[in-house]
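Observations on the three-dimensional arrangement
For reference, the chains in residue letters:
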Amino acid sequence: MSTILERISAIEAEMARTQKNKATAGHLGLLKARIAKLRRELITPKGGGGGTGEGFDVAKTGDARIGFVGFPSVGKSTLLSNLAGVYSEVAAYEFTTLTTVPGCIKYKGAKIQLLDLPGIIEGAKDGKGRGRQVIAVARTCSLIFIVLDVLKPLKHKKLIEHELEGFGLRLNKSPPNIVFRRKDKGGINLQTMVPQSELDLDTVKTILSEYRIHNADITLRYDANSDDLIDVVEGNRIYLPCIYILNKIDQISIEELDIIYKIPHTVPISAHHKWNFDDLLEKMWEYLKLVRIYTKPKGQLPDYGSPIVLHNERKSIEDFCNKLHRTIAKEFKYALVWGSSVKHMPQKVGKDHELNDEDVVQIVKKI
């Protein structure tokens with residue numbers, strides 16, 4: 001492990017020494033690709049699967065999963081116990097929480113699992129502290145809450161982002177709009193839709209040669225940089241929405257709070273006094289992008305008490321059937337839908353129809 005870390009730090013030192021200009025772009029791209037490969041070895045060590053981290057993997061329940069990430073003693077456990085009523089040990093010293101503590105809340109009919117992860121320290125992505133297991137659990141979440149102390153937020157925010165980025169997590173970003181296709185022969189073929197400031201054919205060839213890829217079609221649909229290309233080639237990056245929670249606002253003035261409110265993706269709260277929780281839950285719902293579908297048995301009123309919750313990207317009638325029970329899709333004839341996704345009430349639709357939030361669905365099976 002230390003040898004990989006030494007190699008990474010040596011490459012980082014070389015990158016710091018190298019001037020950034022057109023002539024060195026290819027060399028810097030090559031070094032970035034080398035670092036990305038070494039980081040992947042850190043995340044998934046070669047050889048057989050190691051033992052699982054004790055008490056880290058928590059069974060996934062509910063419709064969505066939210067991970068609380070932050071440095072020790074910023075109030076993650078207090079926030080979890082006040083939101084979900086789960087007791088996660090709270091004390092005034094650092095590293096109180098040592099394993100993952102799960103909690104569950106019901107919000108707008110959806111069951112949402114909350115995970116209080118142990119505190120991250122600097123160098124977590126390199127395996128310091130419990131960092132690697134913490135970030136590995138964070139990769140399975142549908143939303144990340146980065147909990148920061150409002151009195152020292154910016155330094156901590158940069159450090160945590162750096163640790164998560166080193167682990168292949170990309171926060172509040174969309175996947176790069178780059179088409180990458182391997183082929184058997186024909187060399188590297190690069191197409192650019194817009195003028196590129198950093199990547200040219202030579203740089204792309206240099207980066208891909210590090211991965212031993214010598215035949216590929218690449219289409220750049222926007223002004224991309226070498227990091228974006230490496231992300232696409234690696235293919236193991238996870239793009240997650242993230243909300244920065246600034247805790248302990250009871251210790252700052254109203255004027256400072258007004259400034260903090262203008263930062264994007266941020267919610268200021270006080271976990272101890274339970275201030276601004278409703279704002280946090282509303283933002284959480286907006287970022288999770290969940291769609292609630294109500295079921296309607298034939299000849300009865302819709303069941304508004306327990307909706308079927310789907311994700312915004314997978315909300316067709318077929319997804320709805322599979323969520324109910326996997327045998328329903330086979331017996332499916334058509335569905336009747338009431339709601340904003342249809343023009344008539346009710347409307348007969350097929351398996352491919354996309355549903356909207358709070359639609360009512362009645363499924364008619366083949367006889």
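Throughout what follows, the structure given in this document is the object of discussion. Computed from a predicted structure; not experimentally measured. (Residues numbered from 1 in each chain as written. Predicted model: local features only at pLDDT ≥ 70, side-chain atom pairs only at ≥ 80, totals over all residues. Heavy atoms only, no water.)

Description of the packing of aromatic side chains
The geometry of an aromatic ring pair comes down to the distance between the two centres and the angle between the two planes. If you walk through the whole model with that rule in mind, you get 3 aromatic pairs. For the pair F68 and F145, a centre-to-centre distance of 5.4 Å together with 90 degrees between the ring planes defines the contact as edge-to-face. Of this pair, F68 sits in strand β1 (residues 64-70) while F145 is found in strand β4 (residues 143-149), placing the two residues 77 residues apart along the sequence. For the pair shown, F68 and F145 are each scored as buried. Between Y294 and Y304 the ring centres are 4.9 Å apart and the planes differ by 75 degrees, which places this aromatic pair in the edge-to-face class. Note that Y294 is positioned in strand β12 (residues 290-295) and Y304 in strand β13 (residues 303-311), a separation of 10 residues in sequence. You can call Y294 buried: its relative accessible area is 7%. (Phe/Tyr/Trp six-rings, centres within 6.5 Å; stacked < 30°, edge-to-face > 60°. Helix = DSSP H or I, 4+ residues; strand = E, 2+ residues; numbered from the N terminus. Buried < 20%, exposed > 50% of the residue type's maximum accessible area, 1.4 Å probe, protein only.)

A closer look at the side chain of S270
Along the chain, the position of S270 falls in the loop between β11 (266-268) and α9 (277-288). A relative accessible area of 1% means that S270 is categorised as buried. Of note is the side chain of S270, whose polar atom sits 3.3 Å from the backbone nitrogen of H273. In this structure, S270 is in contact with N247, K248, I249, D250, W275 and F277, ignoring residues within four places of it in sequence. (Polar contact = N/O pair within 3.5 Å; in protein donor to acceptor, adjacent residues only side chain to side chain. Contact = heavy atoms within 4.5 Å.)

Some words on the sheet that holds strand β6 (residues 178-182)
Across the sheet, 3 strands lie side by side as β6-β8-β7; this open sheet has mixed pairing. Two strands bound the open sheet, and with one partner strand each, they are β6 and β7 (188-192). Within the sheet, the average angular offset between the axes of one strand and its neighbour, ignoring direction, is 10 degrees. Pairing between β6 and strand β8 (residues 216-220): 5 bridges, direction antiparallel. Counted as the bridge partner of F180 is I218 from β8. The sheet contacts of helix α6 (residues 201-210) involve β6, β7 and β8, and relative to β7 the element is tilted by about 130 degrees. Together, β6 and β8 form the strand contacts of helix α7 (residues 226-234), whose direction differs from that of β6 by roughly 45 degrees. (Pairing = 2+ DSSP bridges. Axes fitted to C-alpha atoms, helices over the stretch in contact; angles between N-to-C directions.)

Some details on the pairing of strand β3 (residues 110-116)
With respect to burial, β3 is a largely interior element, 6 of its 7 residues being buried. Relative to β3, β1 is paired through 5 bridges, and the arrangement is parallel. Pairing of I66 across the sheet is with L114, part of β3.

Some points on the side chain of T18
For T18, the position within the fold is in the loop between α1 (2-17) and α2 (25-43). Since its relative accessible area comes to 18%, T18 is described here as buried. Within the local environment of T18, its side chain forms a polar contact with the backbone oxygen of E14, the two atoms lying 2.7 Å apart. If near-sequence neighbours (up to four positions away) are discounted, T18 is found in contact with T24, H27 and L28.

Description of helix α3 (residues 76-84)
Burial runs high along α3: 8 of the 9 residues are buried. Among all positions of α3, only K76, S77, T78, L79, L80, S81, L83 and A84 are buried.

A closer look at unusual backbone geometry
Cis geometry marks the peptide bond from M345 to P346; its omega dihedral reads -15 degrees. Relative to the helices and strands, P346 resides in the loop between β14 (332-338) and β15 (347-349). Not every positive phi belongs to a glycine, and R212 is a case in point at roughly 60 degrees. Along the chain, R212 turns up in the loop between α6 and β8. The residue K289 is not glycine, and still its phi comes out positive at about 55 degrees. Tracing the chain through its elements places K289 in the loop between α9 and β12. With a relative accessible area of 46%, K289 lands in the partly exposed category.

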